[in-house]
Amino acid sequence: MSTLGIINSDPEIQKSIEFTFKQNQGQNKDLLFMTKEDEILEFIKYALPELIIINFSDTKININEIIEPIQNDKWILNFGIIGIFNPAADKEEELLKKYKGINVLVMLDNYLIRSHLAKSIECIEQNYQIIFQREFSKTFLDGASGNFIIDNDLQAVPLYAGIGATILSQRGLINPDRKMHLQLALIELIVNAIEHGNCGISYEEKNKSLESGVSSVDLILEKCKNPEIQAKRTYFGWDIKPEKSTFIIRDQGEGFDVKDYIEKMKTQDDYSLHGRGIRMASKLFKKLKYNAKGNQATLIVDHDSSVEYEVPVGFTQEQVIHVKKGDVILKEGEPSDCLYYISSGTYEVIHNEKRVGTLSTQDIFLGEMSFLLNKRRSATIKAASAGKLICLTQKTFINIIREYPHYGVFLSKLLAKRLVRTNKQAARR
């Protein structure tokens, strides 16, 4: 059981958080509520948590006094934060702007704790790399990328869209007042992918369902009684560059005639529910396109040059490798001369011509064991999908550890996590 640190003194917030974890037994965590500054800093500095919760609207805790030493200490900066706030006292956009120097991944108002907190934690832990990409991108990447694989669950969509929009806003890549616009556009596009793509719900069917008092959530639940539909997923990915960010939403449906659809939209007013998601995204961000099949939307968001942007420094000259499905990245038995950071894609691990595992962005690195032990590669690694890797030489990585020593602890945690996972897989055989 891991310990989840919670900076909060509000008894009502504590009740909501405790209720959430009682209702979600799968969240196997020991909750540690903290109110004193020295207690909080000691926990962060020595427990080296990966994720904490902060009530930014707590009037009895001087949040600024806690945040300042965190921002000034490279050792303890590198963890993810779920923010909680009171919408009657604070504005989400202002909080994200004020605390852009720390790694806020999600902002939840008080009323969303019971419905969204557990899902937020699950989402972040399943996409482990988003906690660390903020600091890595500053250090040796020229951007960051990642993806979510989303079930046909409309209630979880705002969470995924919110993380995507918050990453840009909190890093200062778009003006905070555009954050909500981006989140709304992403929500509409992901909802379209689930409703019309994966579940095959037509506009007429949805309209008839709503008129009869059946919600979209219930309609999708009914559709998902079909195992084939229930198994379909929506891919939501992003790729952040210095000048722009690209979001991709792809469903597993049959697609649609994009040209015909766009022509029909021209005859409808802005208040029509039909095509609202495409209209909203197109109007807010101008650069929206679909693939020929009609099952993938690409939304390009230009960064706001007027917003202060901290340019990645230090190791941006490292080799970026774009791989195709089937490419061999490492060969078993060859010398180990570099470590690979997984920016995107999935990779098969093959030992003695047998597939023994897979690696993805969650694993952060590949080839680290032989790299650290100065041994030959112990397995072959082949790309199971298209992806992007950053090749880090031994000199580069040692320089990173020297400047950011907590990365050494972080790498140790990664290896420990992978060992635990390997042991569990071995126990099931």
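Coordinates for the structure precede this section.
Parameters at a glance
- Numbers given to residues run from 1 along each chain, matching the order in which its sequence is written.
- Only residues with pLDDT of at least 70 are given local features in this predicted model, and only at 80 or more are side-chain atom pairs given and counted; all residues enter the totals for whole chains, interfaces and linings.
- Excluded from the side-chain calculations are hydrogens and water; all other atoms, namely the structure's heavy atoms, are used.
- Counting from the N terminus, the helices are DSSP H or I runs at least four residues long and the strands are E runs at least two residues long.
- Relative accessibility thresholds used throughout: buried, under 20% of the residue-type maximum; exposed, over 50%; partly exposed, between the two (1.4 Å probe, protein chains only).
- By the convention used here, residues are in contact when the closest approach between their heavy atoms is within 4.5 Å.
- Throughout this description, the term salt bridge denotes a Lys or Arg side-chain nitrogen within 4 Å of a carboxyl oxygen of Asp or Glu.
- A pair of aromatic rings is counted whenever rings of Phe, Tyr or Trp (Trp by its six-membered ring) have centres within 6.5 Å, and the orientation is called stacked for planes under 30 degrees apart, edge-to-face for over 60 and tilted otherwise.
- Charge-over-ring placement is defined geometrically: NZ (Lys) or CZ (Arg) within 6 Å of the ring centre, and within 35 degrees of the ring normal.
- Here, strands pair whenever DSSP counts at least two bridges between them.
- Axis definition: a line fitted to C-alpha atoms, limited for helices to the stretch in contact. Angles are taken between N-to-C directions and run from 0 to 180 degrees.
- We define a polar contact as two N or O atoms separated by no more than 3.5 Å, with the added condition that, inside protein, one atom must be a possible hydrogen donor and the other a possible acceptor, whereas residues neighbouring each other in sequence contribute only through side-chain atom pairs.
- What counts as a disulfide here is a pair of cysteine sulfur atoms lying within 2.5 Å.
- Think of it like this: strands point away, you trace from the first strand over the helix to the second, and a clockwise trace means the crossover is right-handed.
- Each angle receives one of four descriptions, namely roughly parallel if under 35 degrees, roughly antiparallel if over 145, roughly perpendicular if within 65 to 115, and oblique otherwise.
- Note: crossing handedness is left-handed where the near helix turns anticlockwise from the far helix by less than a right angle, and right-handed where it turns clockwise.
- For this scheme, ten residues count as nonpolar: Ala, Val, Leu, Ile, Met, Phe, Trp, Tyr, Cys and Pro. Four count as charged, namely Asp, Glu, Lys and Arg, and the remainder, Gly too, count as polar.

Visitor: Just give me the short version of the overall build of the chain, but keep the residues and values in it.
Guide: A tally of regular secondary structure across the chain gives 16 helices and 18 strands. Split into buried and exposed, the 429 residues of the chain put 50% on the buried side. For the chain, long-range pairs separated by at least 24 residues make up 75% of all intrachain contacts whose partners lie at least 6 apart in sequence.

Visitor: Explain the pattern of salt bridges residue by residue, including any values.
Guide: If you walk through the whole model with that rule in mind, you get ten salt bridges. The residue K206 makes a salt bridge to E195 at a minimum N-O spacing of 2.9 Å. With K206 in helix α9 (residues 203-211) and E195 in helix α8 (residues 176-198), this residue pair connects regions lying eleven residues apart in the sequence. By relative accessible area, which is 2% here, E195 ends up buried. The shortest N-O distance in the salt bridge between K225 and E222 comes to 3.1 Å. Of the residues examined, E222 reaches a relative accessible area of 47% and is grouped as partly exposed.

Visitor: Give a description of the packing of aromatic side chains that names residues and reports values.
Guide: Using the criterion set out here, one finds seven aromatic pairs in the structure. Geometrically, the ring pair formed by F148 and Y160 is tilted, given 5.1 Å between the ring centres and 55° between the ring planes. Here the residue F148 occupies a position in strand β6 (residues 144-150), and Y160 occupies one in helix α7 (residues 157-170), the gap between them amounting to twelve residues. Neither F148 nor Y160 differs from the other in exposure class; each is buried. An aromatic cluster of at least three residues, connected via ring pairs, comprises F148, Y160, F236, W238 and F247. Its end group placed over the ring of F19, R114 keeps NZ or CZ at 4.3 Å from the ring centre. Lying over the aromatic face of Y235, R250 brings its terminal NZ or CZ to 4.4 Å of the ring centre.

Visitor: Account for the sheet that holds strand β4 (residues 80-85), with residues named and values stated.
Guide: Taking strand neighbours across the sheet as the criterion, the five strands line up as β2-β1-β3-β4-β5 in an open arrangement whose pairing is parallel. The open sheet has two edge strands, β2 (29-34) and β5 (104-109), and neither has a second partner. Across the sheet, the mean angle separating the axes of adjacent strands is 20° when strand polarity is ignored. As defined by bridge partners, strand β1 (residues 2-7) adjoins β2 across six bridges and the pair is classed as parallel. Within β2, the residue paired with S2 across the bridge is K29. Against the sheet, helix α1 (residues 11-23) makes contact with β1, β2, β3 (51-55) and β4, and its axis sits at roughly 175° relative to β2, the strand it touches most. Running over the sheet, helix α2 (residues 37-47) touches β1, β2 and β3 and is turned about 145° from β2.

Visitor: Explain the environment of S212 residue by residue, including any values.
Guide: Mapped onto the fold, S212 is located in the loop between α9 and α10 (216-223). For S212, a relative accessible area of 55% translates into the label exposed. Within the local environment of S212, its side chain forms a polar contact with the backbone oxygen of S209, the two atoms lying 2.8 Å apart.

Visitor: Tell me about the state of the cysteines, and name the residues and values.
Guide: Disulfide: a covalent bond formed between the sulfur atoms of two cysteine residues. Counted according to the given criterion, the structure contains zero disulfides. Its sulfur unpaired, C391 is 3.0 Å from the next cysteine sulfur, which belongs to C338. Residue C391 is classed as buried on the basis of its relative accessible area of 10%.

Visitor: Can you tell me about the pairing of β4, naming the residues and giving the values?
Guide: Counting buried residues in β4 gives six out of six residues, a clear majority hidden from the surface. Side chains of β4 alternate between two faces, with G80, I82 and I84 and I81, G83 and F85 buried alike. Note that β4 and β5 share five bridges and pair parallel. Bridge assignment links I82 to a residue of β5, and that residue is V106. This β-α-β element, β4 to helix α4 (residues 92-98) to β5, shows right-handed connectivity.

Visitor: Mind laying out the packing of α2 against helix α3 (residues 63-72), listing which residues take part and the relevant values?
Guide: Taken N-terminus to C-terminus, the directions of α2 and α3 make an angle of 30°; their axes are 10 Å apart at the nearest point. Looking at the two axes, α2 sits roughly parallel to α3. Our pair here, α2 against α3, has a crossing hand that is right-handed. Counting all contacts with α2, which are made through E37, I40, L41 and I44, the residues of α3 involved are E65, I66, P69 and I70. Residues belonging to the contact of α2 with α3 are distributed by class as follows: six nonpolar, no polar and two charged.

Visitor: So what about the sheet that holds strand β13 (residues 338-344)? Which residues, and what values?
Guide: Working definition: the strands of a sheet are paired by backbone hydrogen bonds and lie parallel or antiparallel to each other. The strand order across the open sheet built from four strands is β11-β18-β13-β16, with neighbouring strands paired in antiparallel fashion. Both edges of this open sheet fall to β11 (319-323) and β16 (365-366), since each of them pairs with a single strand only. Pairing between β11 and strand β18 (residues 387-393): five bridges, direction antiparallel. Its bridge partner lying in β18, V320 is registered against I390.

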